[in-house]
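# Notes for the structure review
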Protein chains: 2
Amino acid sequence: MTAPGADQPQPLPLSVDRTSPVPLYFQLAQQLEAAVEQGRLAPGTLLGNEIELAARLGLSRPTVRQAIQSLVDKGLMVRRRGVGTQVVHSQVRRPLELSSLYEDLEAAGQRPATKVLRITMEPATAEIAAALGVAEGTEVHLVERLRYAHDEPMALLRNHLPPDLLALTAQELESTGLYRLMRASGITLHSARQSVGARTATAGEGRALDEEPGAPLLTMERTTYDDTGRAVEFGSHVYRASRYKFDFQLLVR
Amino acid sequence: MTAPGADQPQPLPLSVDRTSPVPLYFQLAQQLEAAVEQGRLAPGTLLGNEIELAARLGLSRPTVRQAIQSLVDKGLMVRRRGVGTQVVHSQVRRPLELSSLYEDLEAAGQRPATKVLRITMEPATAEIAAALGVAEGTEVHLVERLRYAHDEPMALLRNHLPPDLLALTAQELESTGLYRLMRASGITLHSARQSVGARTATAGEGRALDEEPGAPLLTMERTTYDDTGRAVEFGSHVYRASRYKFDFQLLVR
DNA sequence: GCCATGGCTTTGTCCGGACAATCGAACTAG
DNA sequence: CTAGTTCGATTGTCCGGACAAAGCCATGGC
């Protein structure tokens, strides 16, 4: 084998900027990811060995490995000892982020809108107190919203939040999503426990969502935690099954 | 601050075996994970700085960092520059693995059982051909199964598989899950695209699942890919909403 | 023709060190 | 007493090197 990079006639224009504050491994990872995204690195392509790649870029092997590893973690590439690193074939997109419905709709160009139905304080029931980690009967925020996409009702959202966390106004809630408000006020979202099920609509839900009573609904309950382990939100939502599906990608651990 | 390990009076018994073929970073990660699991490392505990930890174990800092990083990736710990690494509070369990229903039920001690309803070859419809990446009309495997837990019907599973992948027998399918059979025959599962929705039961589904027609059902469609990017399975499943929920944890990227 | 062996390539693991960036707390000046 | 500053602690990034383990292929023996 004379030409090691025989798989890619044009060796792919890669470069790093050492004056940038962006870490070198991250710069490289971004360029590789973009190349995969744009098809400049075809699925199945061998990436060429790490040592040579490092030499070509003037980087050390650990730095190059760190970049490649981050792409492997994202599911974009596969490494095989003795073989090399190759771009994975399938259409991997995003492995289920912790995103709000609002952001999902916005990203899909669905013109999301929100109508705030209620925004009060209420004593926590046993279930909600347990989810939020507060004493039963503690006054907690309650927000009830109706979410629209293209002017059609999509979902009925009920959220409970612990007190002293955030000041919520109807105006803010109608112009953006709850998670964005939380992040903006300095809360670092970390993880969430979700439960997705189905049931039929009550009469009230039917009216709100423009469905017949007895129509199938998708339900989701979610407790979200910040990076200190504190529960920051408990949501109990129903979606119109005729208009909404959870769509996501997952990777093998 | 005189005692750097003031957070943990007993410095936690950690040790590595250099004669073992198990990587050192992995040994350390396992021990730390076990300590978190068993509560010997309380939530919020500072882990003590990496350099000292490395010295104590006779390891280098990169090795210790690799161990800790793997736990951070799992969501068990949080690192903060200038502060340290601490055990996260919340009850993180598993961030949604690519697991089969069979394995989930088995792990939960639910006595799963399977009844194979059909196992044939069929020409692929347009939808199935697209999902599996074969030509429309190609003969593909079709497997229909009824899954029980505690002798109660739980879900109706329809799977399509490309030809020349696997030899399926009803006997094997009744004694274990499909994914386990795939793994056993050398297929490396890599990722899957899922879509979860809801609808009402047809008369036939009602009979099979012991539900009224019109009862709410959870639906899931899933296309699974191996590490070469080849689609290895397309599943179209319905679950009894009265008996089943998707329950999972997710982490912020 | 077939199988085992050995060598080559490539990634996996590990080391020891260096400096930068960030956080929190103690300290100092007003 | 308060606000700004400095400083120590800790993780983040990066380097260069070394050897081990695994996969692939060609060679050679049967």
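Calculation rules
Residues numbered from 1 in each chain as written. Chains lettered and ligands numbered in written order. Predicted model: local features only at pLDDT ≥ 70, side-chain atom pairs only at ≥ 80, totals over all residues. Heavy atoms only, no water. Helix = DSSP H or I, 4+ residues; strand = E, 2+ residues; numbered from the N terminus. Rg over C-alpha atoms; globule rule 2.2 N^0.38 Å. Buried < 20%, exposed > 50% of the residue type's maximum accessible area, 1.4 Å probe, protein only. Contact = heavy atoms within 4.5 Å. Lys, Arg positive; Asp, Glu negative; His and termini not counted. Charge placed at Lys NZ, Arg CZ, Asp CG, Glu CD. Domains from an automatic or database assignment. Near = heavy atom within 4 Å. Polar contact = N/O pair within 3.5 Å; in protein donor to acceptor, adjacent residues only side chain to side chain. Nonpolar A, V, L, I, M, F, W, Y, C, P; charged D, E, K, R; others polar. Axes fitted to C-alpha atoms, helices over the stretch in contact; angles between N-to-C directions. Parallel < 35°, antiparallel > 145°, perpendicular 65-115°, else oblique. Salt bridge = Lys/Arg side-chain N within 4 Å of Asp/Glu carboxyl O.

### Here's the deal with the overall build of chain A
Helix and strand counts for chain A stand at 8 helices and 9 strands. Rg of the C-alpha trace for chain A: 24 Å, well past the compact-globule value of 18 Å for 253 residues, more than 25% over. With respect to the three principal axes, the spread of C-alpha positions in chain A is 75 × 40 × 30 Å. Across the 253 residues in chain A, those meeting the buried criterion constitute 47%. For chain A, the share of sequence-separated contacts (at least 6 apart) that also reach a separation of at least 24 residues comes to 59%. Distance between charge centres in chain A, computed from 28 positive and 30 negative side chains, equals 7 Å.

### Focus: the side chain of T176(A)
Residue and element names in this part refer to chain A. Here T176 lies in the loop between α6 (170-175) and α7 (178-184). Looking at T176, the relative accessible area reads 11%, which means it is buried. When residues no more than four places from it in sequence are discounted, the contact partners of T176 are Y102 and L181.

### So, the domain arrangement of chain A
Along its sequence, chain A is carved into domain 1 (1-92) and domain 2 (101-240). With centres defined by C-alpha atoms, the gap from domain 1 of chain A to domain 2 of chain A works out at 41 Å.

### Describing the protein's contact with DNA strand C
If you check the shell around DNA strand C, you find 25 residues, and the closest are R61(A), R65(A), R18(B), L24(B) and T63(B). Backbone atoms, meaning sugar plus phosphate, form 72% of the atoms of DNA strand C positioned within 4 Å of the protein. Between DNA strand C and E50(A) there is a distance of 3.0 Å, counted from a phosphate oxygen to a backbone nitrogen or oxygen. The separation between a phosphate oxygen of DNA strand C and a polar side-chain atom of Y25(B) is 3.1 Å. Those elements that place two or more of their residues in the surface near DNA strand C are α2 (50-57), α3 (61-74), β1 (77-80) and β2 (84-87) of chain A together with α1 (24-37) and α3 (61-74) of chain B. With 3 residues, the top contributor of residues to the surface near DNA strand C is α3(B). Of the residues that constitute the surface near DNA strand C, the class distribution is 8 nonpolar, 8 polar and 9 charged.

### Structural notes on the packing of helix α2 (residues 50-57) of chain B against α3(B)
All names here are of chain B. The interhelical angle for the contact between α2 and α3, taken along N-to-C directions, is 110 degrees, at an axis separation of 9 Å. Here α3 runs roughly perpendicular to α2, going by the angle between their axes. Between α2, through E50, I51, L53 and A54, and α3, the contact on the second element is made entirely by R61, V64, R65 and I68. Split into classes, the residues belonging to the contact of α2 with α3 amount to 5 nonpolar, no polar and 3 charged.

### Details of the environment of T188(A)
Looking at the element boundaries, T188(A) is found in the loop between α7 and β6 (189-200). The contact partners of T188(A), leaving out residues within four places of it in the chain, are Y225(A), D226(A) and D227(A).

### Remarks on the pattern of salt bridges
Residue and element names in this part refer to chain A. Under the defined criterion, the tally for this structure stands at 26 salt bridges over all chains. E33 is the salt-bridge partner of K74, the closest N and O atoms lying 2.8 Å from each other. Remark: E33 occurs in helix α1 (residues 24-37) and K74 occurs in helix α3; sequence separation between them is 41 residues. Across the salt bridge formed by R240 and E152, the nearest N and O atoms sit 3.8 Å from each other. On the criterion of sequence distance, the pair formed by R240 in strand β8 (residues 231-240) and E152 in strand β5 (residues 152-161) is long-range, its members being 88 residues apart. Relative accessible area serves as the criterion here: at 3%, R240 is assigned to the buried category. Linked by salt bridges that have partners in common, E50, R61, R65 and R79 make up one network.

### A few points about the environment of H150(B)
Residue and element names in this part refer to chain B. Summarising the element assignment, H150 is placed in the loop between β4 (139-149) and β5 (152-161). Judged by its relative accessible area of 38%, H150 falls in the partly exposed class. Taking C-alpha positions, H150 is 37 Å from G133, a pair spaced 17 residues apart along the chain.

### Thoughts on the protein's contact with DNA strand D
The environment of DNA strand D is made up of 26 residues, and the closest members are R18(A), L24(A), T63(A), R61(B) and R65(B). Among atoms of DNA strand D positioned within 4 Å of the protein, sugar and phosphate together represent 73%. The side chain of R81(A) places a nitrogen or oxygen atom 3.0 Å from a sugar or linking oxygen of DNA strand D. Contacts to DNA strand D include N49(B), whose side-chain N or O atom sits 3.0 Å from a phosphate oxygen. Of all the secondary structure elements, the ones that give two or more residues to the surface near DNA strand D are α1 and α3 of chain A together with α2, α3, β1 (77-80) and β2 (84-87) of chain B. The greatest single-element share of the surface near DNA strand D, amounting to 3 residues, is contributed by α3(A). The class makeup of the residues in the surface near DNA strand D is 8 nonpolar, 9 polar and 9 charged.

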